[in-house]
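Coordinates in review
So the chains spell out like this:
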Amino acid sequence: MPASPSTARAINDRLALRLLQQDGPLTATQLKTLTGLSRPTVADLVERLQGAGLIRVVGEAGSERRGPNARLYGIAADRAHLAALDVRTGSVAVVVADLLGATLAEATLPIGSDTDTEAAAEQAAALLERTAKEAGAAPLHSVGIGAPGLIDPVTGELRYTTGLPAWHRRLVRVLQQRLPATVLVENETNLAAVAEQRIGAARDRDTFVLFWLGHGVGAAVMLDGKLRRGASGGAGEIGFLPVPGTIGTPSAVNCDGGFHSLVGSTPVCELAAAHGIYVPPGAAEGDKEPGAAFAVRAALAGEGESEAFLGALAERLALGAAAIASVLDPGCVLLAGEVGHAGGDALAARVEERLATMSPLRTEVRAGRLGGAAVLRGALLAAREAAQDELFTPAG
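These numbers come from a predicted model, not from an experiment.

Now for the state of the cysteines. For the structure on display, the rule yields zero disulfides. Take Cys255: it sits in no disulfide, and the sulfur closest to it among the cysteines is that of Cys269, at 16 Å.

Core analysis: the largest hydrophobic core is formed by 42 residues, its most contacted members being Phe211, Phe259, Phe309, Leu313, Leu317, Leu335 and Val351. At nine residues, helix α10 (residues 306-328) tops the list of elements feeding residues into this core. In contact with Phe309, other than residues within four places in its own chain, are Val268, Leu271, Ala272, His275, Ile277, Ala295, Val296 and Ala299. Counting 31 residues, the second largest nonpolar core, distinct from the first, contains Leu37, Val46, Leu54 and Leu82.

This part is about the pairing of strand β5 (residues 103-110). Bridging between strand β4 (residues 91-98) and β5 involves seven bridges; their strand directions are antiparallel. When the bridges of β5 are listed, Val94 appears paired with Ala107. Joining the antiparallel neighbours β4 and β5 is a turn of four residues, in which Gly101 adopts a positive phi near 90 degrees.

All right, on to the environment of Gly343 then. When you line up the elements, Gly343 lands in helix α11 (residues 337-358). Among the residues examined, Gly343 registers a relative accessible area of 2% and is labelled buried. Along the chain, Gly343 and Ala367 lie 24 residues apart, while their C-alpha atoms are 7.4 Å from each other. Beyond its immediate stretch of four places on either side in the chain, Gly343 contacts Val296 and Leu300.

Here the focus is the sheet that holds strand β8 (residues 208-213). Spatial ordering of the open sheet is given by β10-β9-β8-β11-β12, a layout of five strands whose pairing is mixed. Edge positions in the open sheet fall to β10 (226-227) and β12 (364-367), since each of these has one partner strand only. When β8 meets strand β9 (residues 217-223), the two strands line up antiparallel, connected through six bridges. Across the sheet, residue Trp212 finds its bridge partner in β9, namely Gly218. Docked against the sheet, α10 engages β8, β9 and β11 (332-336), running at close to 155 degrees with respect to β8. Sitting on the sheet, α11 touches β8, β11 and β12, and the angle it makes with β12 is about 160 degrees.

Here Asp224, not a glycine, exhibits a phi torsion of approximately 55 degrees, which is positive. Following the sequence through the fold, Asp224 ends up in the loop between β9 and β10. Assessed through its relative accessible area of 62%, Asp224 is described here as exposed.

Overall, the coordinates contain 18 salt bridges when judged by the stated rule. The salt bridge involving Asp78 is made with Arg56; its shortest N-O contact spans 3.0 Å. Here Asp78, found in the loop between β2 (71-75) and β3 (81-88), pairs with Arg56, found in strand β1 (residues 55-60); they are 22 residues apart in sequence, far enough to count as distant. Classification of Arg56 by relative accessible area gives partly exposed; the value is 37%. Taking the shortest distance from any N to any O, the salt bridge between Glu315 and Arg354 comes out at 3.7 Å. Placement of the pair is Glu315 in helix α10 and Arg354 in helix α11, with a sequence separation of 39 residues. On the basis of relative accessible area, Glu315 is assigned to the partly exposed category, the value being 36%.

Because the α-helix completes a turn every 3.6 residues, residues three or four places apart line up on one side. Compared with the 26 Å implied by 1.5 Å per residue over 18 residues, the 25 Å span of helix α12 (residues 374-391) between its first and last C-alpha is a close match. For α12, the set of buried residues is Ala374, Val375, Leu376, Gly378, Ala379, Leu380, Leu381, Ala383, Arg384, Ala387, Gln388 and Leu391. Where α12 is buried, its residues touch α1 (5-23), β3, β4, β6 (142-147), α6 (188-199) and β8.

So, on to the packing of aromatic side chains. Pairs of aromatic rings are described using the distance from one ring centre to the other and the angle between the two planes. The tally for this structure, following the rule as stated, stands at one aromatic pair. With a centroid separation of 6.0 Å and 65 degrees between ring planes, the pair formed by Phe211 and Phe259 is classed as edge-to-face. One end of the pair, Phe211, is in strand β8; the other, Phe259, is in the loop between β10 and α7 (260-263), with 48 residues separating them in the sequence. What makes Phe211 buried here is its relative accessible area of 0%. Classification of Phe259 by relative accessible area gives buried; the value is 0%.

Thresholds applied
Residues numbered from 1 in each chain as written. Predicted model: local features only at pLDDT ≥ 70, side-chain atom pairs only at ≥ 80, totals over all residues. Heavy atoms only, no water. Disulfide = S-S within 2.5 Å. Core = buried A, V, L, I, M, F, W, Y, C linked by side-chain atoms within 4.5 Å. Buried < 20%, exposed > 50% of the residue type's maximum accessible area, 1.4 Å probe, protein only. Helix = DSSP H or I, 4+ residues; strand = E, 2+ residues; numbered from the N terminus. Contact = heavy atoms within 4.5 Å. Pairing = 2+ DSSP bridges. Axes fitted to C-alpha atoms, helices over the stretch in contact; angles between N-to-C directions. Salt bridge = Lys/Arg side-chain N within 4 Å of Asp/Glu carboxyl O. Expected span 1.5 Å × (residues − 1). Phe/Tyr/Trp six-rings, centres within 6.5 Å; stacked < 30°, edge-to-face > 60°.

No statement about biological role is implied by the geometric values presented.
Now the structure itself:
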């Protein structure tokens, strides 16, 4: 059946808005060319979108031209304000942005391990509110939160996970109760994969697996352009993956003996020390940059037995990549997070070389481009998408 007039208008409006978002300010003539719609139809949708406060005239196409056809239309970026949070074990980072994702303000707050649950959640919520107020962005329309742990695939809530701070879950509830905004929460590694696909190293890939290499290790699975979370939300918990080269096997409550014991920051720092690469004491702990990232950069600069260290690390990473490739055949593995970013193309090439000797399945290995900022960028993309899904459906 043909679309009703109101449905057709909504489809046309969303198409025009997406083009204005992707390509920047456009004239009505450019919109006509890009959409294939008639001039009267474009004129009607421009009028509708202006009336809804979604677009406005932002300039003219050329100084030599005047009149309606020269007007440049752009998204009204201040139509809604967004926020993203990267919630870690001992800190929270916040960014506030406009509807197009342009950063208006950002802040970071350490939260001590001895802070009780209510106080920690209150401190994090207050940081968000204060940052939004300073940016002139209150009230917020949508808030995206990236956190470690499992997200319940049915309720969308952050599940209780042994070893993670209780204030993470409490913060989500506090923000949902306190803000008139849509509050979304997603696993941090999944958000990193979204960011790397949209604006990072995987923009040309619909199918890939991302390894998040930071203090610990996790993975995100992107198949056919969609995140795959698994039946319980636990897809990508590769820290528990049993691999050779460790003492024992992991348990249901502890990933010691799993892949984590090979490529987490602490064992990588121990590997570095065994190859004469100095890592500052305590660098492997806390929420600051993982010591493993420091060690990898030092090795790439030629410190200690650098080639032997990088080769051993690549061998370890290839073990996990080979296991993933044998099950999913993703064609591409992305080394992301602070350690993957520090290793860059040099580490990725070494991992790809060793992976080719372990697996018959051709798998490209790339370095992530966004480093530790990927989680926050992914959370902001999730918030922007939620806001645009609501706002970019004008009443017809």
